[in-house]
Amino acid sequence: MIEVQNITKRYGDFTAIDRVTFTVDKGEVLAFLGPNGAGKTTAMRILTCFMPATEGVARVAGFDCFDQPIEVKRRIGYLPEHPPLYQELTVTEYLTFVGRIKGMGAEDLRSGLDRVMERLALGDVRHRLIANLSRGYQQRVGLAQALLHDPPVLILDEPTLGLDPKQIIEIRELIKSLAGSHTVILSTHILPEATAVCQRVVIINNGRIVAVDSPEGLSARLRQSEKIRVAVKAPPADLANRFRALPGILSVFEPTESGAFLLEYELGQDRRDELARFVVDNGWGLLELKTVSMTLEDVFLRLTQHEEGLE
Ligand SMILES: Nc1ncnc2c1ncn2[C@@H]1O[C@H](COP(=O)(O)OP(=O)(O)O)[C@@H](O)[C@H]1O
Ligand SMILES: [Mg+2]
């Protein structure tokens, strides 16, 4: 449904995205995952014909984003990072205005309005001014304008940014419900968001793709060890070395300001019980012991340091 081949975008001397290639199948939900400045918004603006690429080809439903922008835009609903909401209009007025710009006929517009009001639960606020809506409702209005003409493809730029946890869950559920019937690309800088909602994740860093994989594949590929954090009340001077002598240990990092040791074990081992007993039996006082999950920072460090082996 979406094909991107060797897209590069330069702003003057600065390369914002560099030879990016990927495809998205019909009905698939794909995440662009990367830190701020990675190039996610730039890639989305090219796909939505908001601006052209410097080099490369992008196609949506077989239409070229540069040569056939009208055909592409007809098939895309776009939620920009900052949705263009008119604060002085009511929800109904705004969505009607958007529908007319999209060239929807009266009949289509009426059924489209009913559909998005229902799907995004906007019925109760349809006559309220957008300026007076909460951030969560404003984001739903933004999504409603993207869905209004029932496009087969949705491009959602950081759709949960600035929402509270309950609103985030609602938006994620909505996106999941679009899978299958719609082809979706969403961007996020939050790893759990990408893995919760998407079937495939494209990790972008400094304008380049560093990995493309399923959430499961990604965590399997990235998790090369089990990590446990241990804080001890009265550690002997040689505690790090005594930890190193334990079975299954790969490495031991000594306490930094957190005051805790970080122990890395071979993958697939759960040594918490054994470790707790080791500390307690020696009478050192166990203050804390927990497994540490991989953070986004860890993911990027791993991926950017081991680029060769990846797609
Ligand atoms: N119009 C522009 N002119 C110059 N640099 C830009 C422009 N838009 C974005 N950039 C730069 O391109 C890089 C990628 O930006 P962006 O695509 O917005 O990243 P993301 O959405 O992943 O945070 C950033 O370093 C940003 O500062
Ligand atoms: Mg962005």
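See the structure above.
Residues numbered from 1 in each chain as written. Chains lettered and ligands numbered in written order. Predicted model: local features only at pLDDT ≥ 70, side-chain atom pairs only at ≥ 80, totals over all residues.

### Examining the sheet that holds strand 12 (residues 249–253)
Using the following cut-off: We treat two strands as partners when DSSP finds at least two bridges between them. A run of DSSP states H or I qualifies as a helix once it reaches four residues; a run of E qualifies as a strand once it reaches two. Both are numbered from the N-terminal end. Note on geometry: axes are lines fitted to C-alpha atoms, helical ones only across the stretch in contact, with angles between N-to-C directions running from 0 to 180 degrees. C-beta atoms are first placed from the backbone for all residues, and any pair lying within 7 Å is then listed as a contact.
Spatially, the four strands line up as an open sheet ordered 12-13-11-14, and their pairing is antiparallel. Of all the strands in the sheet, the pair left with one neighbour each is strand 12 and strand 14 (286–292). Averaged over all adjacent pairs, the angle separating strand axes in this sheet is 20°, with direction ignored. Sheet topology note: the strand 11 (residues 225–232)/strand 13 (residues 261–266) ladder contains six bridges and is antiparallel. For Lys 227, the partnering residue across the bridge sits in strand 13 and is Glu 264. Here helix 10 (residues 272–281) sits on the sheet in contact with strand 11 and strand 14, set at roughly 160° to strand 14.

### What to know about unusual backbone geometry
Here Ala 121, not a glycine, exhibits a phi torsion of approximately 50°, which is positive. Tracing the backbone through its elements, the reader meets Ala 121 in the loop between helix 4 (106–119) and helix 5 (135–147). In this structure, Glu 158 is a non-glycine residue whose phi angle is positive, near 45°. Counting through the fold element by element, Glu 158 comes out in the loop between strand 7 (153–156) and helix 6 (165–178).

### Some remarks on the nonpolar core
To be explicit about the condition: The nonpolar core criterion groups buried Ala, Val, Leu, Ile, Met, Phe, Trp, Tyr and Cys residues into a set whenever they are joined through C-beta atoms within 7 Å. Exposure is read from a count of other C-beta atoms within 10 Å of each residue's own; the residue is exposed at 12 or fewer, buried at 20 or more and partly exposed in between. C-beta atoms are placed from the backbone.
Counting 63 residues, the largest nonpolar core has Ala 31, Leu 47, Ala 144, Ile 155 and Val 202 as its most contacted members. Ignoring any residue separated from it by four or fewer positions in sequence, one finds Val 202 in contact with Phe 22, Leu 30, Ala 31, Phe 32, Leu 33, Ile 209 and Val 212. Val 230, Phe 243, Ala 260 and Leu 263 belong to the second-largest nonpolar core, a separate cluster that totals 10 residues.

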